[in-house]
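# An overview of the molecular structure
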Amino acid sequence: NSSKPLRNFHLGMFEIGKPLGKGKFGRVYLAKEKKTGYVVALKTLHKEELVHSKVERQVRREIEIQSNLRHKNILRLFGHFHDEKRIFLILEFAGRGELYKHLRRQQRFSEELSAKYIFQMAQALAYLHKKHVIHRDIKPENILLGIDGEIKLSDFGWSVHAPSNRRTTLCGTLDYLPPEMVEGKEHGAKVDLWSLGVLTYEFLVGAPPFEDISGHSATYRRIAKVDLKFPSFISAEAKDLISRLLQHSPEKRLSLDQVMRHPWILKHKNNWDRPG
Ligand SMILES: COc1ccc(C(=O)Nc2ccccc2)cc1NC(=O)CCSc1ncnc(N)c1Br
């Protein structure tokens, strides 16, 4: 539409820097836009892989979903372009990188830091849900940190417009899947609330609640049963929030507003270093 600023990007506009990481479909590089000196993260997706895994349509839908998202806790997709072999996504660069690396290094986060991250996640999800976008792939690997340590929700590889019934097979970890997705049922935005509960648990404990080293079917069973156990060091308020999110039936799960007003969040809210 005419209101959109004309921005046809091409590779020659960028100075490519160090590799930032390897995603499931391609590599990500630090890059600088030559004219403005603006630093971005440039993600390359290889077309033959996308076509091969019938993900082409998903990328297109993804780009159109992303291009009108603007929120401080959601990583921006500024634009995209392609050459004969690759598609390039021009992404906001998150100054403190991948959250899961910080989590693994520190084993687990304090209750105060976890509450701050969960509050910011709830704000990002409330924004997405208002736009009828369900993320569906909330896990530490898809969360980045901005230069001030703020959450940047990323990689909407699986986001869809609600409601939806997943068609393509799921890849990667099952740990974050809610019962309705494990059972292949219709699912709505409440899948992100279940995953938020799993994320809260993993921040505080250092591992997801239903992880079962004996394999997928064991994890499936534990999810379907909501077989939830807490270590003794978890506070009563944190246990309360997690238990009210990890409810088998989606309607019983807390809403995002209730998460943002939960005693466990409010208890820590005044100690967060709030910029500005
Ligand atoms: C809005 O962020 C995205 C939006 C979309 C997709 C994507 O691949 N979609 C997709 C790909 C294939 C098929 C269907 C969808 C990916 C991302 N994001 C990423 O890949 C994160 C790259 S890593 C990184 N990024 C910035 N700063 C850092 N310090 C780092 Br480390």
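Residues numbered from 1 in each chain as written. Predicted model: local features only at pLDDT ≥ 70, side-chain atom pairs only at ≥ 80, totals over all residues. Heavy atoms only, no water.

### Some remarks on the overall build of the protein
- Along its length, the protein carries ten helices and nine strands.
- Taking all 276 residues of the protein together, 50% fall into the buried category.
- When contacts within the protein are restricted to residue pairs at least 6 apart in sequence, long-range pairs at least 24 apart make up 62% of them.
- Approximately 14200 Å² of the protein is accessible, and the part contributed by carbon and sulfur atoms is 53%. (Helix = DSSP H or I, 4+ residues; strand = E, 2+ residues; numbered from the N terminus. Buried < 20%, exposed > 50% of the residue type's maximum accessible area, 1.4 Å probe, protein only. Contact = heavy atoms within 4.5 Å. Areas by Shrake-Rupley, 256 points an atom, 1.4 Å probe, with all protein chains shown as cover.)

### Concerning the sheet that holds strand β2 (residues 26-33)
- Read from one edge to the other, the open sheet built from five strands follows the order β1-β2-β3-β5-β4, with strand pairing classed as antiparallel. A strand with exactly one partner marks an edge of an open sheet, and here the two such strands are β1 (14-22) and β4 (77-82). Across the sheet, the axes of successive neighbouring strands diverge by a mean angle of 30 degrees, strand direction being ignored.
- Packed onto the sheet, helix α2 (residues 56-67) meets β3 (39-46), β4 and β5 (86-92) and runs at close to 145 degrees relative to β4. (Pairing = 2+ DSSP bridges. Axes fitted to C-alpha atoms, helices over the stretch in contact; angles between N-to-C directions.)

### Some details on the site of the ligand
- Taken together, 22 residues lie near the ligand, and K43, V55, E62, A94 and S154 sit nearest.
- K43 places a polar side-chain atom, nitrogen or oxygen, 2.8 Å from an oxygen atom of the ligand.
- Take A94: an N or O atom from its main chain is 2.9 Å from a nitrogen atom of the ligand.
- Protein burial of the ligand: of its 690 Å² of free accessible surface, 95% is covered by the chains. (Near = heavy atom within 4 Å. Polar contact = N/O pair within 3.5 Å; in protein donor to acceptor, adjacent residues only side chain to side chain.)

### Some words on the side chain of Q120
- Counting through the fold element by element, Q120 comes out in helix α4 (residues 111-130).
- Given the relative accessible area of 13%, Q120 is considered buried.
- One polar contact links the side chain of Q120 to the main-chain amide nitrogen of I151, over a distance of 2.8 Å.
- When neighbours within four sequence positions are excluded, Q120 is seen to be in contact with N73, E150 and I151.

### Topic: a positive patch on the surface
- Residues R7, R70, K130 and K131 make up a contiguous surface patch of positive charge.
- A relative accessible area of 44% places R7 in the partly exposed class. (Patch = residues over 30% accessible without salt bridge, like charges linked within 9 Å, V, L, I, M, F, W, Y side chains within 5 Å. Salt bridge = Lys/Arg side-chain N within 4 Å of Asp/Glu carboxyl O. Lys, Arg positive; Asp, Glu negative; His and termini not counted. Charge placed at Lys NZ, Arg CZ, Asp CG, Glu CD.)

### A few points about the confidence of the model for the protein
- With 89% of its residues at a pLDDT of 70 or more, the protein shows a mean pLDDT of 89.
- In the predicted complex, the global pTM is 0.91; the interface-specific ipTM is 0.97. (pLDDT = per-residue confidence, 0-100.)

### A word on the pairing of β4
- Of the pairings in the sheet, the one linking β4 to β5 comprises five bridges and is antiparallel in character. Following the sheet pairing, G79 is matched in β5 by I90.
- With antiparallel pairing between neighbouring strands as the criterion, β4 and β5 make up a hairpin whose turn holds three residues.

### Here we look at helix α8 (residues 236-245)
- All of the buried residues in α8 are A238, L241, I242 and L245. Projected down its long axis, α8 carries its buried residues within an arc of 95 degrees, all on one side.
- In the core, the buried residues of α8 are packed alongside α4, α6 (190-205), α9 (256-260) and α10 (263-269). (Arc of directions from axis to C-beta.)

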